[in-house]
Amino acid sequence: MHSERRKELLEAWKDRHPEMGVISFRCNPTDEIFFTTATDIPAKFNRIRFQLSAGNCSNNQLQALWNQYGERAFEFQTVKQLKYDDPKEDHTEELEMLCEICLLENPKVRRF
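Treat the numbers as computed from the prediction; the structure is a model and nothing was measured.

## A few points about unusual backbone geometry
With the exception of glycine, the majority of residues adopt a negative phi angle, and the majority of peptide bonds are in the trans configuration.
Part 1: Its identity is not glycine, yet Asp31 carries a phi of approximately 60 degrees, on the positive side.
Part 2: With respect to the secondary-structure elements, Asp31 resides in the loop between strand E1 (21-27) and strand E2 (32-38).

## Quick look at the packing of aromatic side chains
Part 1: Applying the stated criterion across every chain yields a total of 6 aromatic pairs.
Part 2: Each ring, one from Phe25 and one from Phe45, has its centre 5.7 Å from the other, and the planes form 70 degrees; the classification is edge-to-face. One end of the pair, Phe25, is in strand E1; the other, Phe45, is in helix H2 (residues 41-54), and 20 residues separate them in sequence.
Part 3: Relative accessible area serves as the criterion here: at 0%, Phe25 is assigned to the buried category.
Part 4: You can call Phe45 buried: its relative accessible area is 11%.
Part 5: Ring centres of Phe45 and Phe76 lie 6.2 Å apart, and the angle between their planes is 65 degrees; on these two criteria the pair is classed as edge-to-face. Remark: Phe76 occurs in strand E3 (residues 74-81) and Phe45 occurs in helix H2; sequence separation between them is 31 residues.
Part 6: Each member of the aromatic cluster is reached from another via a ring pair, and the members are Phe25, Phe45, Trp66, Phe74, Phe76 and Phe112.
Part 7: One cation-aromatic arrangement involves Arg49 over Phe76; the distance from NZ or CZ to the ring centre is 4.9 Å.

Cut-offs applied
Residues numbered from 1 in each chain as written. Predicted model: local features only at pLDDT ≥ 70, side-chain atom pairs only at ≥ 80, totals over all residues. Heavy atoms only, no water. Helix = DSSP H or I, 4+ residues; strand = E, 2+ residues; numbered from the N terminus. Phe/Tyr/Trp six-rings, centres within 6.5 Å; stacked < 30°, edge-to-face > 60°. Buried < 20%, exposed > 50% of the residue type's maximum accessible area, 1.4 Å probe, protein only. Lys NZ or Arg CZ within 6 Å of the ring centre and 35° of its normal.

Below, the structure written as structure tokens:
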């Protein structure tokens with residue numbers, strides 16, 4: 001790959017606007033729902049699914065449900081997306097506020 005093309009691709013990656021927001025994991029048999037934030041929604045879904053499959057999820061309750069019912073018993077979805085302009089800014093506080101709003105709107109949901 002030419003160095004100019006490599007630079008172009010690197011700059012495009014740095015300037016991308018990944019999907020950010022609040023995501024949920026719902027266990028259908030028990031109707032338990034877990035929310036967490038994501039700075040890159042597709043990557044976060046993949047990472048958590050991998051952790052669950054490997055038995056290494058940091059949320060013991062979610063891991064127990066996964067172990068009992070398996071991946072097919074779960075629904076994964078984006079609850080709310082964060083709209084933002086600058087991908088280089090830290091959006092942690094905004095994501096946390098968005099998650100708190102989602103939790104207030106859904107009192108049965110657990111924080112992941």
